[in-house]
Amino acid sequence: MKMNTARINQGDYRYYTVNEQALLLEWLLEHIGQTRSKVKATLQGQGVKVNGKTITQFDYPLQPGMKVAVSNTKKNQKGFKSRYVKIVYEDRWLIVVEKAVGILSMAAGHSSLNVKSVLDDYFKMSRQHCTAHVVHRLDRDTSGLMVYAKDVETEQILEHNWHDIVYDRRYVAVVSGEMVDDEGTIANWLKDNKAYVTYSSSVDNGGKYAVTHFHVLDRTTEHSLVEFKLETGRKNQIRVHSADMGHPVCGDTKYGNGDDPLHRLCLHAWLLCFTHPVTGQPMEFETPIPVMFRKLFK
C-alpha cells in the first residue's frame, strides 16, 4: 500500500515525514525512486538519517511522524576518477570497489597496474592516513566486486574469518556451448602442477576440495549465461570447473577452447555479501551483469 509522504529538498539532503509503520529499506524503495542496489549503497554509505541519527540498518523500524533524510551526494569520492576502479562503498575500516578487466588486484613485479596502488593514491589524495590491505583477489582479466581493508586489524579479521564472514559470493560468466542442465553442483579436488596450471581430480590428490554451484540464466545454441555461486574460494575454481563441465569460460586463454566472442575473459564477480568485520552489519553489494554479456543473448 502506497504511503503519503511530505518531501522537502534542503541542501545535501531530501527530507521526508513517515506516515505509517514500515521497515527502512522497504520504505526507501517505495519512496525515493531508486533501484534496490542504489538504495542499499546509500544506506551502507551512511547517507540516510532517521530523526537526525545516521542509520545503516536495513530493517530499522519506522514509526509515523519520524523524519527521514536521504543524502543527495555521494560521500568520500570527490575527485576520485579511475577507468579501472569504481568505489562502491567506503567507511573508516574498509572499502568495496568494482574492478575493471585488465588490472591486477595487487602489485606483481615492477610498476604493474594494480587496484591496491590506485586505492593508496586515492587515500593519500583524500588525506586518509591508511593504505589498502588485500583480503582476496580477482584475476587480472576478471571484473567485479572486491573488498579491501584500511588497517591491519580489519584485514586480519577478514582474512582469518573469510569463510564465516562472507555469506554469499556469486559470479556471472558467458561459457562456450549450450548447457543442458539448468542448475547443478560440481565438486572435486584442485591442485596446481609445476607450471602453475590448476587441474582437477575426482579423488583426493593432495589438493584442496572445491565446490561450485551453477545456475543457467540464458542460453543460445552457441553460448550460455551462467551464474556461479562459490561454496569454496580456490584459485581458478570457476574457470577449471566450467572447463570440467565441457563449457569453458569464453575468452579463457588458460582453460578455454578458443571461443572468444567478446575479446575478454567473460567472468564477472557480480554479488558480494559479508558481515562487517567491525560493526557486525550485513553488507550486500551487487553490480549489473556486463551489458556486453547480455547482448550475446538478445
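Coordinates for the structure precede this section.
The structure displayed is predicted, hence computed values, not measured ones. (Residues numbered from 1 in each chain as written. Predicted model: local features only at pLDDT ≥ 70, side-chain atom pairs only at ≥ 80, totals over all residues. Heavy atoms only, no water.)

### Remarks on the overall build of the protein chain
When helices and strands are counted, the protein chain shows seven helices and 18 strands. Since a compact globule built from 298 residues should have a radius of gyration of about 19 Å, the 21 Å found for the protein chain is in line with a globular shape. Overall, the protein chain is about 65 × 45 × 35 Å in size when its C-alpha atoms are taken along their principal axes. Here the protein chain holds 298 residues, and 47% of them are scored as buried. In the protein chain, of all internal contacts separated by at least 6 residues, the share reaching a separation of at least 24 is 60%. Summing over all exposed atoms, the protein chain offers an accessible surface of approximately 15500 Å²; the carbon and sulfur share of this is 49%. Looking at charge distribution, the protein chain has the averaged site of its 38 positive side-chain charges lying 8 Å from that of its 34 negative ones. (Helix = DSSP H or I, 4+ residues; strand = E, 2+ residues; numbered from the N terminus. Rg over C-alpha atoms; globule rule 2.2 N^0.38 Å. Buried < 20%, exposed > 50% of the residue type's maximum accessible area, 1.4 Å probe, protein only. Contact = heavy atoms within 4.5 Å. Areas by Shrake-Rupley, 256 points an atom, 1.4 Å probe, with all protein chains shown as cover. Lys, Arg positive; Asp, Glu negative; His and termini not counted. Charge placed at Lys NZ, Arg CZ, Asp CG, Glu CD.)

### A short note on empty space enclosed by the protein
Across all of its chains, the model carries one cavity of 30 Å³ or more by this definition. Computed from the structure, the largest cavity encloses a volume of approximately 40 Å³. Of all the secondary structure elements, the ones that give two or more residues to the lining of the largest cavity are β12 (166-176) and β17 (267-275). The class makeup of the residues in the lining of the largest cavity is six nonpolar, no polar and two charged. (1 Å grid on protein atoms, 1.4 Å probe; cavity = no way out; pocket = protein on both sides within 12 Å on 5 of 7 lines; lining within 4 Å. Points joined across faces, edges and corners; volume = space filled by probe spheres on them. Nonpolar A, V, L, I, M, F, W, Y, C, P; charged D, E, K, R; others polar.)

### Topic: the pattern of salt bridges
Following the criterion strictly, the structure yields eleven salt bridges and no others. Among the salt bridges present, the one from D139 reaches R239, with a minimum N-O distance of 2.7 Å. Taken as a pair, D139 in the loop between β10 (133-134) and β11 (143-149) and R239 in helix α6 (residues 237-244) lie far apart in primary sequence, 100 residues in all. Given the relative accessible area of 31%, D139 is considered partly exposed. Among the ionic contacts, a cluster of salt bridges with common partners joins D168, R170, E227 and K229. (Salt bridge = Lys/Arg side-chain N within 4 Å of Asp/Glu carboxyl O.)

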